[in-house]
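# A closer look at the structure
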Amino acid sequence: MRRIGELYAIEAQIRGQPPDRRREIRQQQARPLLDNLESWLRERLLTLSAQSDTTKAINYLLNQWQALTYYCEDGTAEIDNNIAENALRGCCLGRKNFLFMGADSGGERAAAMYSLIGSAKLNGIDPQAYLRYVLTHIADHRVNRINELLPWNVASQLHL
């Protein structure tokens, strides 16, 4: 855990830096730590039973080593996929509830709402303010011009 903490401490220091600088620092600081970790893991394998759960876990890790260390080669890559997982968390938390939408059309409407809310967030717009604006204007809006109500088209008209 200490070794992994050291890798994350490096990431905290370089957060927001340009990709080429991140790669450079990772090569200088993280790569030696990872090389040391790999050596340590291989040494542990020599002392463990081949059938132990720890051996299986270490072998799994070593089999994934190239993917694990890829972030040191690419300054745009992240050390983990937490950003993606956090983005999907809301959808996953509600998944059990969505099983009982009642009909496919209910699920399709929920997907459309998620898409609109996600688009608003990606455009730096408060989803609640955006939905309030759309719901108050959609009844009088021409159906063939519905794209005018997309988040990036109404951002300037929202009072945030």
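Just so we're clear, the structure is a prediction, and the values are computed from it rather than from any experiment. (Residues numbered from 1 in each chain as written. Predicted model: local features only at pLDDT ≥ 70, side-chain atom pairs only at ≥ 80, totals over all residues. Heavy atoms only, no water.)

## A few points about the layout of surface pockets
- Within this model, the largest pocket holds a volume of roughly 350 Å³.
- Every residue lining the largest pocket is counted, 15 residues in all, and those nearest its centre are Ile-4, Leu-7, Leu-37, Leu-61 and Leu-68.
- Here the residues of the lining of the largest pocket sort into 13 nonpolar, no polar and 2 charged. (1 Å grid on protein atoms, 1.4 Å probe; cavity = no way out; pocket = protein on both sides within 12 Å on 5 of 7 lines; lining within 4 Å. Points joined across faces, edges and corners; volume = space filled by probe spheres on them. Nonpolar A, V, L, I, M, F, W, Y, C, P; charged D, E, K, R; others polar.)

## A few points about the pattern of salt bridges
- The final tally for this structure, using the stated rule, is 8 salt bridges.
- The shortest N-O distance in the salt bridge between Glu-24 and Arg-21 comes to 3.2 Å. Of the two residues, Glu-24 and Arg-21 are both situated in helix α2 (residues 19-45); the distance of 3 residues between them amounts to about one turn of the helix.
- Using a relative accessible area of 36% as the deciding quantity, one classes Glu-24 as partly exposed.
- Arg-22 is paired through a salt bridge with Glu-78; the nearest N and O atoms lie 3.3 Å apart. You can see Arg-22 sitting in helix α2 and its partner Glu-78 sitting in the loop between α4 (65-69) and α5 (82-93), a full 56 residues away along the chain.
- We classify Arg-22 as buried; its relative accessible area is 8%. (Salt bridge = Lys/Arg side-chain N within 4 Å of Asp/Glu carboxyl O. Helix = DSSP H or I, 4+ residues; strand = E, 2+ residues; numbered from the N terminus. Buried < 20%, exposed > 50% of the residue type's maximum accessible area, 1.4 Å probe, protein only.)

## A closer look at the environment of Thr-136
- Checked against the element boundaries, Thr-136 lands in helix α8 (residues 127-137).
- At 3.1 Å, the side chain of Thr-136 forms a polar contact with the backbone oxygen of Arg-132.
- A polar contact is formed between the side chain of Thr-136 and the side chain of His-137, at a distance of 3.0 Å. (Polar contact = N/O pair within 3.5 Å; in protein donor to acceptor, adjacent residues only side chain to side chain.)

## Observations regarding helix α1 (residues 2-14)
- Taking 1.5 Å of rise per residue, the 13 residues of α1 would be expected to cover 18 Å, and the 19 Å separating its terminal C-alpha atoms lies within 8% of that figure.
- Restricting attention to buried positions, one finds in α1 the residues Leu-7, Ile-10, Glu-11 and Ile-14. Down the axis of α1, the smallest arc covering the buried residues is 100 degrees, so these residues share one side. Exposed residues on α1 whose side chains face more than 90 degrees from its buried face are Arg-2 and Gln-13.
- Tucked into the core, α1 has its buried residues touching α2.
- One or two positions beyond α1, positive phi appears at Gly-16, with a value near 90 degrees. (Expected span 1.5 Å × (residues − 1). Arc of directions from axis to C-beta. Contact = heavy atoms within 4.5 Å.)

## Here's the deal with helix α7 (residues 104-122)
- In this model, α7 (19 residues) spans 27 Å end to end at C-alpha, consistent with the 27 Å of a helix rising 1.5 Å per residue.
- If you check which residues of α7 are buried, you get Gly-106, Ala-110, Ser-119 and Ala-120.
- Against α8 and α9 (151-154) lie the buried residues of α7.
- Downstream of α7 by a residue or two, Gly-124 has a phi angle that is positive, lying close to 70 degrees.

## Let's talk about the packing of α1 against α2
- Running from N to C, α1 and α2 point in directions that differ by 175 degrees, and their axes come no closer than 10 Å. With respect to α2, the element α1 is oriented roughly antiparallel. In this structure, α1 uses Arg-3, Glu-6, Leu-7, Ile-10, Glu-11, Gln-13 and Ile-14 to contact α2, whose residues at the interface are Arg-22, Ile-25, Arg-26, Gln-29, Ala-30, Leu-33, Leu-34, Asn-36, Leu-37 and Trp-40.
- Tallied by class, residues from the contact of α1 with α2 come to 9 nonpolar, 3 polar and 5 charged. (Axes fitted to C-alpha atoms, helices over the stretch in contact; angles between N-to-C directions. Parallel < 35°, antiparallel > 145°, perpendicular 65-115°, else oblique.)

## Some words on the side chain of Arg-26
- Locating Arg-26 in the fold gives a position in helix α2.
- The exposure class of Arg-26 is buried, given its relative accessible area of 0%.
- Separated by 2.7 Å, the side chains of Arg-26 and Glu-11 make a polar contact.
- Among residues more than four places away in sequence, those in contact with Arg-26 are Glu-11, Ile-14, Arg-31, Tyr-71, Cys-72, Asp-74, Gly-75, Ala-77 and Glu-78.

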